[in-house]
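Chain by chain, the residues:
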Amino acid sequence: MTDQRTSSTPAPPRPKSSILSSLGRLAAGNRRALFPLLALVLILLGNWLISPSFFSIRVVEGRMLGSIIDIFNRGAPTVLLAIGMTLVIATKGIDLSVGAVIAICGAVAAVLISTTDLSPYVVMLLSVGAGILCGLWNGILVAIFDIQPFIATLILMVVGRGIAQLITEGQIAVFNNPTLEFIGKGTLFGIPFAIILTAIVFVIVYLFIRRTALGLLIESVGANARASYYAGINARLITLMVYVISGICAAIAGLIITTDIKGADANNAGLWLELDAILAVVIGGTLLSGGRFYLALSVIGALIIQSIQTGIFVSGLPPTFNLIVQAVVILAILFLQSEEFRRPFVRAWNRMRKTA
Amino acid sequence: MRQRVRPFTGRQTGLPYAELVGEKMTVQKNTPLLQTQNLTKRFGSVQALSGVDFNLYPGEVHAVLGENGAGKSTLIKLITGVYRRDAGEILLEGKPIDPQSPHEAQALGISTVYQEINLVPTMSVAENIFLGRQPRRFGFIDMRAANARARALLKTYHLDIDVTRTLSTFSIAVQQIVAIARGVDMSAKILILDEPTASLDAQEVQMLFTVIRALKARGIGILLITHFLDQVYQISDRITVLRNGERVGEHLTAELPKMKLITLMLGRELLSETESSGAERAAVGDAGGAFLRTEGIARRGMLQPIDLSVARGEIVGLAGLLGSGRTETAQLIFGVARSDAGSVQVKGRKVAIGSPRQAVQHGFGMCPEDRKVEGIIADLSVRENIILAMQAKRGWLRALPARKQEEIAQQMIAALHIVTPDSSKPAGELSGGNQQKVILARWLASQPEFLILDEPTRGIDVGAHAEIIHIIKNLCAQGMALLVISSELAEVVDYSHRVVVLRDRQKLTELTGEDISEDNIMRAIAEQ
Amino acid sequence: MRSHKLFLSALLVLVLAFTSVLFVAHAQDASGAGLTIGFAQVGSESAWRTAFSDAVKAEAEARGINLLFSDGQQKQENQIAALRSFIAQGVDGIILAPVVETGWDDVLQEAADNSIPVVVVDRNVTADESLFVTRVSSDFVHEGRLAAAWLVQATAGKCDIVELQGTVGSSAALDRQQGFNEVIALFTDMQIIASQSGDFTRTNGKEVMESFLNSIDPATICAVWAHNDDMLIGAIEAMKEAGIDPGQDILTISVDAIPDIFKAMMDGDANATVELSPNMGGPAFDAIVAAINGETLPRWIPVAGGIYFPDTAAEEYARRGGQ
């Protein structure tokens, strides 16, 4: 038990107390961010111990190379999915279809660019358009037909890969188009463009939901849908919008993954990535039961997952251990975040302080 | 009505218990079953409980009363291990205890039944009673034995029901008794009842009281929290009054006059709210024209066709028993349910309202009956809760700037006397009365022309009650049209310019002017 | 009218039955001409699978075999249903490319009860050996050996290799690794300096190669050995982005011989690929004919693929339908 009555000074005047309480709020906010950030730092440190060159960056032909760049570059699709997934989860929903949407949008882009004369920019727009359609489909099932999000998005998760296979005719649809490839392979100021694109998407989504009232309304609908309805909020529109945003994020992730290897692999593109995205959101502290969400912390969550992955790659550990190491590290992070798990340690610490 | 009360002085709290109670004490005076000494708890800058002594004797019903924020919830949460105390002692049968969770408290013999019953509504009654401790046979759950035992157990509560049926199919009263039966069966020396009667009708309350009396006879100590003063006098043996986290008195119920009790709770004299001048009523007429007029709106299985009008600066009361169609009327007007007949006019123009969103666009607002489910958004801050309807009205694209939000929130917090350390506190952490004020603030911020209030004073302590009625009258004076639903007839009579009486989902009559009285309303309801 | 039709179809069935009895009664000529053979294929999940189906169909047509083709859409129940329908139609033999290894006993027993020889191709089944004639499949171990043998030749037995493994636990990955390692173990200066799974996909192949290039000095890497072409194609992208000339600075060797790897060879980015032969139709048909003729067969008939180099890349690319 922390002793909160240490200040024996007379009661502080009113303005001071409001400063104190706002400081308290800041600390509380930071505490939320503390554990994901701490976990990321610990994992990066661990990686550095395993591979001393982990943080070193080389520049080859105007392109930055290095493990730390890899984390951001390889993590970009998961980060994008996590951004969309955070909003969906905040409305008490879930979007299992994003992996399949990646496959569809990648297939659309690859097939259009290799079989038509469309400009690559039009192809990008059409690919994102496919993502919007997928999001609308999910959103309509959830918001209009009141189907459980888990089931509604499961449909597209299962059917989506089939659709992608139909589009690519079961092959890996390869293409050659420098403009389109720039998304996944290009660099800007030496930084892989996928990283910059992801950062732009994050900023746009962040401004879009925080500069408009969308963020508040999403949290309101997620925390108490019925009360939000009584308050006159158009919950259907809000729900529809989050699934569309998730679809757009998945489409951009699909473009990155597809242009990165100059081919759309309907079977494997984005496979199981929806689970990584959900995990990233959970690590970031957004509850699956909806309500408050933390966009930036979801991004940290996604980077944590990628750091583990990249760390395993540079470690030289036999691949048979990959999944076990991932599971153990993630479990450790979730334990770190669990107040119940920390409580005995915190108590022991306080006892030590008291006796000291 | 008015009564002079000796001003209350803090010194009296210091008097030892025996002195206060005198020799007339009837309950056992030996070791208390449960005792708290100097119990203290602080949340940030708020002193929730300071140095509270509390004694519960076997076989007594001990009511803990106080305004919102007086410390009632904190007291039971400390006793049941939800919160850790900062200082003080809890003694169970003279031995200090330190429960770390409600589960541990239960194991020690302290059972709690909350207002929102903590059972699983989708499971059967028997499953609920034995949840987590099912009788087993060969390692499997023996449902037959569980059913038989549940039936036998509920028999002792004079409850003869089909225990295999889903819990949610029974009335709240039955669910309440099932929860009590479960708690007591799991080992209870002490039963804590938190607002057990809040959603029960009169008959159900008596049913519950029969159970409470039976438990009392078995020597169980019962700690009761309620806002219904009449019920306190009906069932309790002793009363502890808390105010601002301190104990201001412990009295035998029989020796504490109602007025004295209210004075203790408020620390001031009650505002005279039950008088209303006929002149005030006469002032409102059809001069302003009706803001809202419904003609025969109805919905099958929900409400018979109803005609209703509300003018600017007028309060129309909806009176009737529980289930008479009061809430249903409000829901049809506000678009929560779509009417399948009739029409609605706003300011003389016919409108179609199919959802609360459309209602809000027409300048409506509604504080719903079920504050927790339909009103407050517990996770969001007080500020966000307050600006929510206004924001919804503006649409998602036009966000209110943070500074403006804070300004409105502070205005409302000040105007409605919302007790909160700051506007960023999650609304769910406020007391019931303050939550109600936050919802009221939400609608006032949206600047409605017409406000529907469904049971605005239910489950709220005396002080907040008076304040809310004061606010209602003020809004009316400022020209708002109001439709108010309340189970408390005295209240309806007090502020209404017109009273629409409902029975069996049908409008019976409309009382105006001098005809408005409790007698007349009851007569209307009783008429064949 | 209707009775006419009925009569005609009855006659047709009789004639068919009679002729098939005739065929069975007489020893088959080696090509299997005139036989009716059912082929239960897994599905069409990959380009290689499609090539495999096409090769079997082409082989059947060349031999004059009446092939009943069934696409199982990667579902065992579809395949079992297909087998039952083949049995009901009284086919002369069945080729089964099973989607999974287990659960075939009952339906194989039904085929055996009807004296229909079954040849298992590609993946294995775990059923009693008496229930099927033989298994025709690629020899993954051999593929690994072939790849290693080429690399030994190309580097004069001195090479530090990075390995892109297939999906952990898959037989293709395990066996190719085993075959490759068997060979390089014979040369003291050949060793695998890094190994990680790329899950047989291009994306993961690229990601793993990137991490190798970051954690190992690229100048010390002599060759990349990928368990399939897709991972290598991903790795080629990674090498190019890191300013390395694949095929030149770092040698490449992989397995499968998909069209895109020939494209890479044409561009000078890849050095060699070992073919995972889709031509299992011929040996399978031969096995069925042999079984009908009562000959005993080995339990496993491996199909060896060749190794391909840039010199024939353009030709192979065109032949394999690359655009």
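Residues numbered from 1 in each chain as written. Chains lettered and ligands numbered in written order. Predicted model: local features only at pLDDT ≥ 70, side-chain atom pairs only at ≥ 80, totals over all residues. Heavy atoms only, no water.

A. Geometry of the pattern of salt bridges. Per the counting criterion, the structure on display carries 42 salt bridges over all chains. One salt bridge in this structure joins Asp-260 of chain A and Lys-206 of chain C, with 2.2 Å as the shortest N-O distance. Here Lys-206 of chain C lies in helix H7 (residues 202-215) and Asp-260 of chain A lies in helix H10 (residues 235-260), a pairing that spans two chains. Like Asp-260 of chain A, the residue Lys-206 of chain C is buried in the burial classification. Taking the shortest distance from any N to any O, the salt bridge between Arg-238 of chain B and Glu-250 of chain B comes out at 2.9 Å. (Salt bridge = Lys/Arg side-chain N within 4 Å of Asp/Glu carboxyl O. Helix = DSSP H or I, 4+ residues; strand = E, 2+ residues; numbered from the N terminus. Buried < 20%, exposed > 50% of the residue type's maximum accessible area, 1.4 Å probe, protein only.)

B. Quick look at unusual backbone geometry. Although it is not a glycine, Trp-272 of chain A adopts a positive phi angle of roughly 65 degrees. By the element assignment, Trp-272 of chain A lies in the loop between strand S6 (263-264) and helix H11 (273-283). Notably, Ala-156 of chain C is not glycine yet its phi reads approximately 55 degrees, a positive angle. On the secondary structure map, Ala-156 of chain C appears in the loop between helix H5 (140-155) and strand S6 (159-165). Judged by its relative accessible area of 71%, Ala-156 of chain C falls in the exposed class.

C. A look at the interface of chain A and chain C. In this complex, chain A contributes 33 residues to the contact, which on the side of chain C involves 28 residues. Of the roughly 2,600 Å² buried between chain A and chain C on both sides combined, carbon and sulfur atoms contribute 46%. Contact with chain C buries area across many residues of chain A, yet Ile-261, Phe-313 and Pro-319 of chain A alone supply 24% of it, more than any other trio. Where chain A meets chain C, there are six salt bridges. (Contact = heavy atoms within 4.5 Å. Buried area = accessible area lost by both parts, 1.4 Å probe.)

D. Up close: the packing of helix H13 (residues 322-337) of chain A against helix H14 (residues 339-355) of chain A. All names here are of chain A. The geometry of H13 relative to H14 is characterised by a closest axis approach of 5 Å and an angle of 65 degrees between their N-to-C directions. In terms of orientation, H13 lies roughly perpendicular with respect to H14. On H14, the residues touching Phe-335, Leu-336 and Gln-337 of H13 are Glu-339, Phe-341 and Arg-342. Counted by class, the contact of H13 with H14 contains three nonpolar, one polar and two charged residues. (Axes fitted to C-alpha atoms, helices over the stretch in contact; angles between N-to-C directions. Parallel < 35°, antiparallel > 145°, perpendicular 65-115°, else oblique. Nonpolar A, V, L, I, M, F, W, Y, C, P; charged D, E, K, R; others polar.)

E. Main features of the sheet that holds strand S12 (residues 307-308) of chain C. All names here are of chain C. Within the open sheet, the six strands sit side by side as S7-S6-S8-S9-S10-S12. Their pairing is mixed. The sheet is open, and its two borders are formed by strand S7 (190-197) and S12, each paired with just one other strand. Of the strand pairs in this sheet, S6 and S7 are connected by seven bridges, and their pairing is parallel. Within the sheet, the bridge partner assigned to Ile-161 lies in S7 and is Ile-192. Contacts between helix H9 (residues 259-266) and the sheet are confined to strand S9 (251-256), strand S10 (272-275) and S12, with S10 contributing the most and set at about 155 degrees to the helix. (Pairing = 2+ DSSP bridges.)

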